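Each chain is listed here by its residues.
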Amino acid sequence: MTQLLWWNDHPDICDNGKMWDQHQLIDLLSPFEVVEEKDFTNGVVIVPGRFHTTEEDFVRFDNFIRTVQHAVVIVTSDEESLYPAERLDHDNIDLWVMTPKLYKVYPGGTRFIGSLVPNHLLNATPLAEPDNDYFFSGQVTHAAREQVVNSLRASKNKGAVIESPGFTQGLQPDNYADEMRNAKFLPCPPGPITPDSFRFYEALEAGNVPVLCKQDEKYWKLLFGKLPPVLWVNDWSQTSDAINAALNNWLPMANRCYAWWREQKYFMRRTLIRQLGFHPPAVSFLVASSPIHSHPSTEIIDETIESLSALRKTNEPLFVMFDGIRNEQTKFRDVYQQFIRNCMINLADDPDFVPVLMRSHQHQARMTAKTLRLVESPLICFMEHDTPLVNLFDHEAELIITLLTDQLDLIRFAHEASILEPHQHLMIDHDDPETVLYLRTVQWSQRPHLARTEFYRRILNWHFPKTSRTMIEDVMHGIVQDAWHVEGLEGWNKYRLAIYAGAENIKRSTHTDGRGAEPKFEMKLK
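This write-up is about the structure you can find in this document. (Residues numbered from 1 in each chain as written. Predicted model: local features only at pLDDT ≥ 70, side-chain atom pairs only at ≥ 80, totals over all residues. Heavy atoms only, no water.)

Some remarks on the overall build of the protein chain
- Assigned secondary structure in the protein chain consists of 15 helices and 19 strands.
- Rg of the C-alpha trace for the protein chain: 26 Å, near the compact-globule value of 24 Å for 526 residues, within the 12% margin.
- Overall, the protein chain is about 75 × 60 × 35 Å in size when its C-alpha atoms are taken along their principal axes.
- Classification of the 526 residues of the protein chain by burial places 59% in the buried group.
- Taking as baseline every contact in the protein chain between residues at least 6 positions apart, the subset at least 24 positions apart corresponds to 76%.
- For the protein chain, the separation between the mean place of its 52 positive charges and that of its 71 negative charges on side chains is 7 Å. (Helix = DSSP H or I, 4+ residues; strand = E, 2+ residues; numbered from the N terminus. Rg over C-alpha atoms; globule rule 2.2 N^0.38 Å. Buried < 20%, exposed > 50% of the residue type's maximum accessible area, 1.4 Å probe, protein only. Contact = heavy atoms within 4.5 Å. Lys, Arg positive; Asp, Glu negative; His and termini not counted. Charge placed at Lys NZ, Arg CZ, Asp CG, Glu CD.)

In C-alpha cells:
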C-alpha cells in the first residue's frame, strides 16, 4: 500500500486533504496509508505550496526529502506558483506540479497536472444529451470573464450565466454540478492568476466541451504536452459565436473531449504506479468496435464487456476501441456517435475504462496497433465487440495466464464445444481435451484470446503497414499456415498459437453477430 505523507508545517492555516485541488489526488492514490514524517520511507508527499513559501519552510522540506529512499512529491494549492518547486532537483524524487509557470525552469521529468476535479464533480456520469447549450457560473473579476459573460448574455442559444460574489459563494455544489452536466459547452476563462481553473476539469469530468482561448495556448501545451481537443476561441468576446457555430458538432466533440480526459487520467495513474515502483497490471483488455446496424443500442457490446468479469481484475485497464467511419457507412454517423456516448455513460463508473477514439477509419489492425501504444501490461485480452465469453470459470483465468507466461504466445477461447471436423487439419494436437490444457493450432482466428503484448506488437509491426486497413485475421490466417507448411514445428514456434482445452466442453466464447446482414467491405492490405 502507498505511504502518503501530508506535509504541513502550518496546521493552523492549512487544512490538508480538504482543499479542492487535492480531492482527485486522494481518489487517484487510494488505497493509501497516511504516515507521520518520522515513519515515511517511500511513497507520496503532498505539499500545499501556498502555505510553505518562506525560505525556512523550503529548507526544512528540502533537508527532509534528501533523507528518504524515494518520494513522489506533489506540489498543490499554489496557483500563484509561490513555492520554489523548481529547486527540488534530487535523484530520489519524482516531481509533480499542479500549476506551473511558463517562465520557470523545472527539473527534467517534472509532471504538470493542473488543478484537477473537486469532489462535487469527481467521477460524474455524463448525460446522453444536455438540455442547455452553455453554462457559466463564477466570479467576474477580470476582463476575460467580462467578455465571456457579455458574449453569453447576448446569445440567442439556451443557457445560463450566474455571477457569484466570491469563491464558493454561488450555487450549492450539487446544483452547480447538475448545471455543468446539463450544458453542452462550458466556457473556462482564466482564474485570477493563471489560465487554469477548476472549471476546465469539471467540464471534462462532466463529459461536455470546455471552451478555451487561443491566447493561452502556451500554458495548456506546457501542461499537457499538446493542446486538448476542446472548442478554441480567438478571443473571449467570440465565445457565443463559437458555441453557436459548433452546436451541430457537439456530440463528436464531447465524445473526443471525454475520451481524451479518460486517457489523461489513465496516464496519471499509470505514471504514479510506475514511479512508486509497483508492477503494471497483468492484463489489459482491448475491445474493438465499429458501426453496426443496432447502434445506438449498446446491448451487444455490454454483454461482451460484462462477460470479462471472470478474467478481469481490479486495476486492469479496459480499452474500448472505437473505429472511425468508412465511406460506405456514413449512414451510421449520427447513431454511431450516440452509441459511443452511451458506452461512455455505461462505463463512467469504471475507473480503469479508457475509450480510444480513431479520428478516421483505421480498421482492426491499425486501431489495435495505435491502442497498444497505451498498454503497459505484459499480456492483452483481445475481444471483438460481439464475442462474449461463456462458461469460463474463475480458476481457469490464472491457469491460462500461466500457460502464456511459460509456453505460448496466444491462447484462444473456442466458440464451439469441440474442434469441428473441417478445422481438424489446422490442429497440431488431437489429444483428448480432458487430458490436456491446450491444443496447439495453426489456425489464426480473431475470436477472443489472450496474448503476449510484445508478440502482438511484433506481428502488427511486421505484417501490417501503416497504410493497411484490414482485419487482423484476414492477414495472419495465411501467414501462420504458410509458416507451418514450409517449416513445420519451427514455423509454429514463430507464433505459438493454441486453443484452451481444459474441459470436455471447450466452448468459452460465443458470437452475437453484430454485423448481421451488413456486407464485409473490401480491405486494404498495403
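Next comes the rest of the write-up.
Observations regarding the sheet that holds strand E6 (residues 111-112)
- In space, the six strands of this open sheet follow the order E2-E1-E3-E4-E5-E6, with parallel pairing throughout. A strand with exactly one partner marks an edge of an open sheet, and here the two such strands are strand E2 (32-34) and E6.
- As paired elements, strand E3 (residues 42-48) and strand E4 (residues 70-76) share seven bridges and run parallel to each other. Its bridge partner being in E4, Val45 is matched across the sheet by Val73. (Pairing = 2+ DSSP bridges.)

Some details on the packing of helix H13 (residues 453-463) against helix H14 (residues 472-487)
- At a minimum axis distance of 11 Å, the contact between H13 and H14 shows a crossing angle of 90 degrees. Comparing their axes, H14 and H13 come out roughly perpendicular. Note on element contacts: H14 touches H13 through Ile472, Val475, Met476 and Ile479, opposite Tyr456, Ile459, Leu460 and His463.
- Classifying every residue of the contact of H13 with H14 gives seven nonpolar, one polar and no charged. (Axes fitted to C-alpha atoms, helices over the stretch in contact; angles between N-to-C directions. Parallel < 35°, antiparallel > 145°, perpendicular 65-115°, else oblique. Nonpolar A, V, L, I, M, F, W, Y, C, P; charged D, E, K, R; others polar.)

Describing empty space enclosed by the protein
- What the rule picks out here adds up to five cavities of 30 Å³ or more.
- What the largest cavity holds in volume is close to 70 Å³.
- Taken together, 13 residues line the largest cavity, and the ones lying closest to its centre are Val75, Asp78, Ser81, Val97 and Thr99.
- Residue composition of the lining of the largest cavity, by class: six nonpolar, four polar and three charged. (1 Å grid on protein atoms, 1.4 Å probe; cavity = no way out; pocket = protein on both sides within 12 Å on 5 of 7 lines; lining within 4 Å. Points joined across faces, edges and corners; volume = space filled by probe spheres on them.)

Considering the nonpolar core
- If you look at the biggest cluster of nonpolar residues, it comprises 86 residues, and the most contacted ones within it are Phe61, Val73, Phe185 and Phe200.
- Here Phe61 is in contact with Trp7, Val45, Val47, Val73, Tyr83 and Leu88, once residues within four sequence places are set aside.
- Counting 75 residues, the second largest nonpolar core, distinct from the first, contains Val283, Val354, Ile400 and Val442. (Core = buried A, V, L, I, M, F, W, Y, C linked by side-chain atoms within 4.5 Å.)

With respect to the pairing of strand E14 (residues 353-357)
- Most of E14 is tucked away: five of the five residues are buried.
- Side chains Phe353, Pro355 and Leu357 of E14 all project onto a buried face; the interleaved residues Val354 and Val356 project onto the opposite face, where all are buried too.
- Chirality of the crossover, the property in question, places the unit of strand E13 (residues 318-322), helix H10 (residues 333-346) and E14 among those that are right-handed. (Right-handed = clockwise from strand over helix to strand, strands pointing away.)

Details of the sheet that holds strand E15 (residues 379-384)
- Reading across the sheet, the eight strands line up as E14-E13-E12-E15-E18-E16-E19-E17 and stay open at both edges, with mixed pairing between neighbours. A single partner strand is all that each edge strand has here, and the edge strands are E14 and strand E17 (438-441). Strand-to-strand twist across the sheet, computed as the mean angle between neighbouring axes with direction ignored, equals 25 degrees.
- As judged from the five bridges shared by strand E12 (residues 283-289) and E13, these two strands associate in the parallel manner. Looking across to E13, one finds that Ser289 is bridged to Phe322.

Remarks on the environment of Arg181
- Within the fold, Arg181 resides in helix H4 (residues 173-181).
- Sequence separation between Arg181 and Asp131 is 50 residues; the distance between their C-alpha atoms is 9.4 Å.
- When near neighbours in sequence (up to four residues on either side) are disregarded, Arg181 contacts Leu121, Ala124, Thr125, Pro126, Leu127, Pro130, Ala206 and Asn208.

Re the environment of Arg274
- Take Arg274: it is sitting in helix H8 (residues 250-275).
- In this structure, the C-alpha to C-alpha distance between Arg274 and Val161, residues 113 residues apart in sequence, is 43 Å.

Considerations on unusual backbone geometry
- Note the cis peptide between Ser30 and Pro31, where omega equals 0 degrees.
- By the element assignment, Pro31 lies in the loop between helix H1 (23-29) and E2.
- The omega angle of the peptide bond from His295 to Pro296 is 20 degrees, so this bond is cis rather than trans.
- Among the structural elements, Pro296 can be located in the loop between E12 and helix H9 (299-306).

Overview of the packing of aromatic side chains
- Enumeration over the complete set of coordinates arrives at 22 aromatic pairs.
- Considering the side-chain rings of Trp7 and Phe61, the 4.8 Å spacing of their centres and the 75 degrees angle between planes classify their relative orientation as edge-to-face. In this pair, Trp7 is assigned in the loop between strand E1 (2-6) and H1 and Phe61 in helix H2 (residues 55-65), connecting sequence segments 54 residues apart. The two residues Trp7 and Phe61 agree in class, both being buried.
- Both rings, one in Tyr201 and one in Trp261, keep their centres 5.8 Å apart while their planes meet at 55 degrees; by these two values the pair is tilted. Placement of the pair is Tyr201 in helix H5 (residues 198-206) and Trp261 in helix H8, with a sequence separation of 60 residues.
- Above the plane of the ring of Trp250 lies Lys184, whose end atom (NZ or CZ) is 5.6 Å from the centre.
- Over the ring of Trp492 we find Arg440; its NZ or CZ atom is 5.4 Å from the centre of that ring. (Phe/Tyr/Trp six-rings, centres within 6.5 Å; stacked < 30°, edge-to-face > 60°. Lys NZ or Arg CZ within 6 Å of the ring centre and 35° of its normal.)

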